[in-house]
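This is what each chain is made of:
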Amino acid sequence: MSSEIPPTAQTPTTPGAAGEPPSASPGDSGNGTLTPQVSFRDAPPLAGPVFEVGSLSVFYGAHEAVRDVNMTIGDRQITAMIGPSGCGKSTMIRCFNRMNDLIPTARVTGKIRYHDQDLYGRDVDPIEVRRRIGMVFQKPNPFPKSIYDNIAYGPRVGGFKGNLDDLVEETLTHAALWEEVKDKLKTSALALSGGQQQRLCIARTIAVEPEVILMDEPCSALDPIATAKIEDLMEHLAQEFTIVVVTHNMQQAARVSHRTAFFGSDVDDKGERHGRLVEYDETARIFSNPSDPRTEDYISGRFG
Amino acid sequence: MGSRVLGEGVATGVPEGRRLERRRTPWRERLFQLSLGASLAVGVVFLGSLLTYVVVEAWPRLDFRILTDFPDIIDPTQAGAQSAITGTIWVIAFTALYCLPVGFLTAIHLEEYADRHRWYNRAIEINIQNLAAVPSIVYGILGLGIISRGLGFGQTVLTASLTLSLLVLPTVIIAAREAIRAVPQSIREASLALGATQWQTIWRQVLPAAVPGMATGAILALSRAIGEAAPLLLLGGLTFITFNPTGLDSAYTVLPIQIFNWISQSRAEFAPLAAAAIVILLVILLAMNSLAIWLRNRYSRRW
């Protein structure tokens, strides 16, 4: 609790962070439906799209896990992906940094354009992709090394030639973790609490200075207070980074994101599930006036 | 006992249906616990009596001369096992040198690079598991036919260590694979998501975490090799050797074979010698296994 992220209003306003911070305190979220006083973040127009997804399908073997997705991810915005389990959100987010390449049976068809380059182009190096597009996972997964070495790992493997000590301090400060860990940089990262571990994982990701941070249910293993800190951090980081976050927590999507993609799934006549992008719009609109009845059912808790 | 102190235990005067049943252990459970203890006792008693018997037998010859003297077929009181001890060290050192790098690299390949969905990788995997179960005498025949005669290496330390390498290689590979597999996938993903290459991920994350387990498995595999007599009987270990090996092309003997040799002598004076050599062999094995346990406890990680 010793270090607080500066409120968005006090920091220099960048195009992506014009919205006022949500008034609802993230920590006290219950499980009820959304109350009208939640204020949504204003979604600025989609200037300079980072990703353009066209007719994207993902297969595991013969099974089409995600079918025909089209969406655009805006620069320095937080894009949330919500939807019931098994609708392909995590599969989808793992396409953005080619983590699906690691699964031998996975196959991607369609297009993802990253700043007008084909992300899956023949001569694109997935290593380079992952340096530009970082990822934070569901369960905090710090390396079994010191806090310092966790931060320094990415720069080291990337051939960083500079003062690592400075970089580690800057990064941890940036991730609002410096005050908490500055006296124990050489101790094991596994000794930190779950929330601190997850913030360390976020810090580790920004240490390689990516442009995009993908977060796959980053708070699902954390308590509400740790979750609130991560959400604060996300808002803070969204001034410089494009963030895509998969979440099960609809309040979280409503609180932090500018735009929300609702994924659903349909079952074909063979009984197989296919994830689909049902609706993608400004978060305020998704939560207050969705255009698809399936979105409304999910948001209002009638389904899922 | 405690319940007695607190009061009545099972009280009288409690209405029917609310009374707590008396504590009791069903006879099945007693029988089960008894058989658990009995099974444990079988192992402990046998091991204990074996150790006692061997040490008692060996006692007259458990002195420094067993370490310093060479085998002597004329005078058992002058005989020692030095050439067998040094032979064992030579053979095992070179066995480790051959089988550990090959075994570790194979394990890394199978776990980190090979696509488990390909039929040939699955075939290799099954094959390795089956090789681990092949009787050691078969490896002896292989060594005799291919390494000793085919390659012309003869009855040398080189032949023995190459054959023992083949013998323990499947065990080394299987143990190393287990250790590598125990490193959580999330660590690999974290590393790769930071833009590390697969090589960097393996070298900087997977191997440091897996090395204690790999080393433990390797030591246990080598202690198996130390105790092997059967394949070496075919490979020239059973010659009367009164000198230490001087190189890979040297003739040799090893402890298990020296023990076999002494036991098959007709004169009773050789029996304590054999027992003393067994004690030495056991001490070496115990030391290696303790090292393995220490490594595992010292460096094992909880995720």
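Within each chain, residues carry numbers counting from 1 in the order of the written sequence. Each chain is given a letter, starting from A, and each ligand a number, starting from 1, according to the order in which they appear as written. This being a predicted model, a pLDDT of at least 70 is required before a residue's local features are given, and a value of 80 or more before pairs of side-chain atoms are given or counted; all residues contribute to the totals for chains, interfaces and linings. Hydrogen atoms and water are omitted, and side-chain values are computed over all heavy atoms in the structure.

Observations regarding the interface of chain B and chain A
- Residue contacts are defined here by distance: any two heavy atoms, one from each residue, within 4.5 Å place the two residues in contact. With 20 residues of chain B at the interface, the matching set in chain A holds 26 residues.
- Any carboxyl oxygen of Asp or Glu that lies within 4 Å of a side-chain nitrogen of Lys or Arg is treated as forming a salt bridge with it. Here chain B is connected to chain A by 1 salt bridge.
- Across the pair R94 of chain A and E189 of chain B runs a salt bridge, and its minimum N-O distance is 3.1 Å.
- Whenever two N or O atoms come within 3.5 Å, that pair is a polar contact, provided that in protein one can donate a hydrogen and the other can accept it, and provided that, for residues adjacent in sequence, both atoms are side-chain atoms. Remark: the boundary between chain B and chain A carries 5 residue pairs in polar contact (both at pLDDT 80 or more).
- A run of H or I in DSSP becomes a helix once it reaches four residues, and a run of E becomes a strand once it reaches two; helices and strands are each numbered from the N terminus. Those elements that place two or more of their residues in the side of chain B that touches chain A are helix 8 (185-193) and helix 9 (198-227) of chain B.
- Top element by residues in the side of chain B that touches chain A is helix 8 of chain B. It accounts for 7 residues.

Let's talk about the side chain of Q198 of chain A
Residues and elements named next belong to chain A.
- Along the polypeptide, Q198 turns up in helix 6 (residues 194-206).
- A polar atom in the side chain of Q198 sits 2.8 Å from the backbone oxygen of P218.
- Aside from chain neighbours lying at most four places away, what touches Q198 is V136, F137, Q138, K139, P140, P218, L222 and I230.

Overview of the UniProt feature "domain: ABC transporter" (unreviewed entry) in chain A
- Residues annotated by UniProt as "domain: ABC transporter" (unreviewed entry) correspond here to residues 51-290 of chain A.
- The span residues 51-290 of chain A is 34% helix and 29% strand, and its two end C-alpha atoms sit 23 Å from each other. UniProt positions are given in the numbering used here, feature names are shortened, and annotations may be inferred rather than shown by experiment.

Description of the packing of helix 11 (residues 255-263) of chain B against helix 12 (residues 270-299) of chain B
Residues and elements named next belong to chain B.
- To obtain each axis, a line is fitted to C-alpha atoms, and for helices this fit is confined to the stretch in contact; angles are then taken between N-to-C directions over 0 to 180 degrees. Put simply, helix 11 and helix 12 touch, their axes get as near as 8 Å, and they point 160 degrees apart. In terms of orientation, helix 11 lies roughly antiparallel with respect to helix 12. Of the two possible hands of crossing, helix 11 and helix 12 adopt the one that is left-handed. Residues L255, P256, I259, W262 and I263 of helix 11 pack against F270, L273, A274, A277, I278, I280, L281 and I284 of helix 12.
- Looking at the contact of helix 11 with helix 12, its residues break down into 13 nonpolar, no polar and no charged. Our angle categories are set so that under 35 degrees counts as roughly parallel, over 145 as roughly antiparallel, 65 to 115 as roughly perpendicular, and the remainder as oblique. Each crossing gets its handedness from the near helix: less than a right angle anticlockwise from the far helix is left-handed, clockwise is right-handed. Note that Gly is not counted as nonpolar here; it falls among the polar residues with everything else outside the nonpolar set of Ala, Val, Leu, Ile, Met, Phe, Trp, Tyr, Cys and Pro and the charged set of Asp, Glu, Lys and Arg.

Concerning a negative patch on the surface
Residue and element names in this part refer to chain A.
- In this analysis, a patch consists of residues with relative accessible area above 30% that form no salt bridge, clustered at 9 Å for like charges and at 5 Å for the nonpolar side chains Val, Leu, Ile, Met, Phe, Trp and Tyr. Note on areas: Shrake-Rupley, 1.4 Å probe, and residue coverage restricted to the protein chains presented here. In this count, Lys and Arg are taken as positive residues and Asp and Glu as negative ones, while His and the chain termini are left out. Here the site of a charge means atom NZ of a Lys, CZ of an Arg, CG of an Asp or CD of a Glu. On the surface, a cluster of negative charge is made up of D165, D166, E169, E170 and E209.
- On the secondary structure map, E169 appears in helix 4 (residues 164-174).
- For each residue, the accessible area found with a 1.4 Å probe, counting protein chains only, is set against the maximum for its type, and the residue is called buried under 20%, exposed over 50%, and partly exposed in between. Residue class for E169 comes out partly exposed when judged on its relative accessible area of 36%.

A look at the UniProt feature "transmembrane region" (unreviewed entry) in chain B
- If you check UniProt for "transmembrane region" (unreviewed entry), the listed places come out as residues 31-56, 89-110, 131-151, 157-176 and 270-295 of chain B in our numbering.
- Between the C-alpha atoms that bound residues 89-110 of chain B there is a distance of 31 Å. The span itself is 100% helix and 0% strand.

Structural notes on the packing of aromatic side chains
- Side-chain rings of Phe, Tyr and Trp (the six-membered ring for Trp) are treated as a pair once their centres are within 6.5 Å; stacked means planes under 30 degrees apart, edge-to-face means over 60, and tilted covers the remaining angles. Applying the stated criterion to the full structure yields 8 aromatic pairs over all chains.
- With 5.5 Å between their ring centres and 40 degrees between their planes, F51 of chain A and Y114 of chain A make a pair best called tilted. On the criterion of sequence distance, the pair formed by F51 of chain A in strand 1 (residues 51-60) and Y114 of chain A in strand 4 (residues 106-114) is long-range, its members being 63 residues apart.
- Overall, F51 of chain A belongs to the buried group, its relative accessible area being 0%.
- An angle of 15 degrees between the planes, with centres 5.3 Å apart, marks the rings of W199 of chain B and W203 of chain B as stacked.

Here we look at helix 7 (residues 224-237) of chain A
All names here are of chain A.
- Here helix 7 spans 20 Å end to end across 14 residues, near enough to the 20 Å set by a 1.5 Å rise per residue.
- The buried count for helix 7 comes to 11 of 14 residues, which makes it a mostly enclosed element.
- Looking only at helix 7, the buried set comprises A226, T227, A228, K229, I230, E231, L233, M234, E235, H236 and L237.
- Here the buried face of helix 7 lies against strand 3 (78-82), helix 4, helix 6, strand 7 (212-216), strand 8 (242-246) and helix 8 (250-256).
- The residue sitting at the N-terminus of helix 7 and contributing the capping side-chain oxygen is D223; that oxygen lies 3.0 Å from the backbone nitrogen of I225. Every helix has an expected span of 1.5 Å times one less than the residues it contains.

Topic: the packing of helix 4 of chain A against helix 6 of chain A
Residues and elements named next belong to chain A.
- Where helix 4 contacts helix 6, the axes come no closer than 9 Å and their chain directions differ by 125 degrees. The angle between helix 4 and helix 6 places the two elements in the oblique class. Both helix 4 and helix 6 take part in a crossing whose hand is right-handed. Only L200, A203 and I206 of helix 6 make contact with helix 4, whose side of the interface consists of T171, L172 and H174.
- Classifying every residue of the contact of helix 4 with helix 6 gives 4 nonpolar, 2 polar and no charged.

Looking at the environment of N130 of chain B
Residues and elements named next belong to chain B.
- Along the chain, the position of N130 falls in helix 5 (residues 119-131).
- A residue is classified by how much of its surface remains accessible, and N130, at 47% relative accessible area, is partly exposed.
- Placed 40 residues apart in sequence, N130 and P170 show a C-alpha to C-alpha distance of 8.6 Å.

Observations concerning the environment of R28 of chain B
- Along the chain, R28 of chain B falls in helix 2 (residues 27-58).
- With 199 residues separating them along the chain, R28 of chain B and G227 of chain B place their C-alpha atoms 41 Å apart.

Description of the pairing of strand 1 of chain A
Residues and elements named next belong to chain A.
- With 7 bridges joining them, strand 1 and strand 2 (residues 63-73) adopt antiparallel strand pairing. Among the inter-strand pairings, V53 is bridged to a residue of strand 2, identified as M71.
- At least two bridges found by DSSP between two strands is the condition for calling them paired. Counting the residues between successive antiparallel strands, the hairpin from strand 1 to strand 2 contains 2 residues, one of them, G61, with a positive phi of roughly 65 degrees.
- As judged from the 8 bridges shared by strand 1 and strand 4, these two strands associate in the antiparallel manner. Bridged to V58 within strand 4 is V108.

What about the nonpolar core?
- Core analysis: the largest hydrophobic core is formed by 53 residues, its most contacted members being L232, Y252, L255 and W262 of chain B.
- If one sorts the elements of this core by residue count, helix 12 of chain B sits on top with 13 residues.
- We define the nonpolar core as a collection of buried residues of types Ala, Val, Leu, Ile, Met, Phe, Trp, Tyr and Cys that are connected through side-chain atoms lying within 4.5 Å of one another. One finds I82, L177, A226 and I286 of chain A within the second-largest nonpolar core, a separate group that totals 47 residues.

Structural notes on helix 6 (residues 136-150) of chain B
All names here are of chain B.
- Remark: the principal bend of helix 6, roughly 35 degrees, maps to G143.
- Within helix 6, the full set of buried residues consists of S136, Y139, G140, G143, L144, I147 and S148.
- On its buried face, helix 6 is in contact with helix 5, helix 7 (157-181), helix 9 and helix 10 (230-234).
- Looking one or two residues past helix 6, G152 carries a phi angle of roughly 75 degrees, positive in sign. Two axes enter the bend calculation: one fitted to the seven residues ending at the residue in question, the other to the seven starting there, and the bend is the angle between them.

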